[in-house]
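Here is what each chain is made of, one letter per residue.
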Amino acid sequence: MKSIIIDGHNLIPKLPGMSLSDPDDESKLTRLLGEYCRLKRVKAELFFDAAPAGSVSQSRYGMVNVHHVSKRTTADAAIRQFLQKAGRQAKDFQVVTSDHQVQAEARGVNATVLSSEEFALMLLHIISLPYASTNTAEKYPAEDEVDYWLKVMTERNQKGNLSS
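This section reports on the structure supplied with the text. Note that the structure is predicted; figures quoted are calculated from it, not measured.

## Quick notes on the overall build of the protein chain
Line of reasoning, step 1. Along the protein chain, the regular secondary structure elements total six helices and six strands.
Line of reasoning, step 2. N-terminal to C-terminal, the α/β element order of the protein chain is β-α-α-β-β-β-α-β-α-β-α-α.
Line of reasoning, step 3. Sorting the 164 residues of the protein chain into buried and exposed places 44% on the buried side.
Line of reasoning, step 4. Pairs at least 24 apart in sequence give 51% of the contacts found in the protein chain among residues at least 6 apart.
Line of reasoning, step 5. About 8,900 Å² of surface is accessible on the protein chain, with carbon and sulfur atoms providing 50% of the total.

## Quick look at the packing of helix 2 (residues 25–40) against helix 5 (residues 116–128)
Line of reasoning, step 1. Between helix 2 and helix 5, whose axes approach to 10 Å, the crossing angle comes to 70°. Relative to helix 5, helix 2 is oriented roughly perpendicular. Crossing hand, helix 2 versus helix 5: left-handed. Here Leu32, Leu33, Glu35, Tyr36, Leu39 and Lys40 of helix 2 lie close against helix 5, whose contacting residues are Phe119, Met122, Leu123, Ile126 and Ile127.
Line of reasoning, step 2. In terms of residue class, the contact of helix 2 with helix 5 is built from nine nonpolar, no polar and two charged.

## So, the environment of asparagine 65
Line of reasoning, step 1. Within the fold, asparagine 65 resides in strand 4 (residues 64–70).
Line of reasoning, step 2. Here asparagine 65 falls in the buried class, since its relative accessible area comes to 13%.
Line of reasoning, step 3. With 20 residues separating them along the chain, asparagine 65 and glutamate 45 place their C-alpha atoms 4.9 Å apart.
Line of reasoning, step 4. A polar side-chain atom of asparagine 65 sits 2.5 Å from a polar atom in the side chain of arginine 60.

About the criteria used
Residues numbered from 1 in each chain as written. Predicted model: local features only at pLDDT ≥ 70, side-chain atom pairs only at ≥ 80, totals over all residues. Heavy atoms only, no water. Helix = DSSP H or I, 4+ residues; strand = E, 2+ residues; numbered from the N terminus. Buried < 20%, exposed > 50% of the residue type's maximum accessible area, 1.4 Å probe, protein only. Contact = heavy atoms within 4.5 Å. Areas by Shrake-Rupley, 256 points an atom, 1.4 Å probe, with all protein chains shown as cover. Axes fitted to C-alpha atoms, helices over the stretch in contact; angles between N-to-C directions. Parallel < 35°, antiparallel > 145°, perpendicular 65-115°, else oblique. Left-handed = near helix turned anticlockwise from the far one by under 90°. Nonpolar A, V, L, I, M, F, W, Y, C, P; charged D, E, K, R; others polar. Polar contact = N/O pair within 3.5 Å; in protein donor to acceptor, adjacent residues only side chain to side chain.

The structure is reproduced here in structure tokens:
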């Protein structure tokens, strides 16, 4: 599978129980993506906007490289720059964003594009499998299955199982 480039602040509001108003939203998403990457055996580049001055610009959590983009620029601009630096290897990336301009530019360098909504459904499906396997078929879950797992994940999150 391709490596994934993710606009974190686009993805957070698409996941049940997560909110951009939560001060711990970035670390929650990072941990969730770490588990997804472990199960899928894929690497991720996760970008967050508006890092406070003096904060670390890059960190790592398992197979997730986290890019904390300074307030002087945006995650969108950092993702575009990352793809430009990748050159011909940009085709090896799957870009997860809801920003239409970033999607168009990613397609322009032959990267695969998924909206944050599409990726959120895939992420929830993989994380929720009772005996998750790296051989999981690459397909979208059925609508009733997505509804079921969204309910399960929301209940788990409300009980605090995901935030620990």
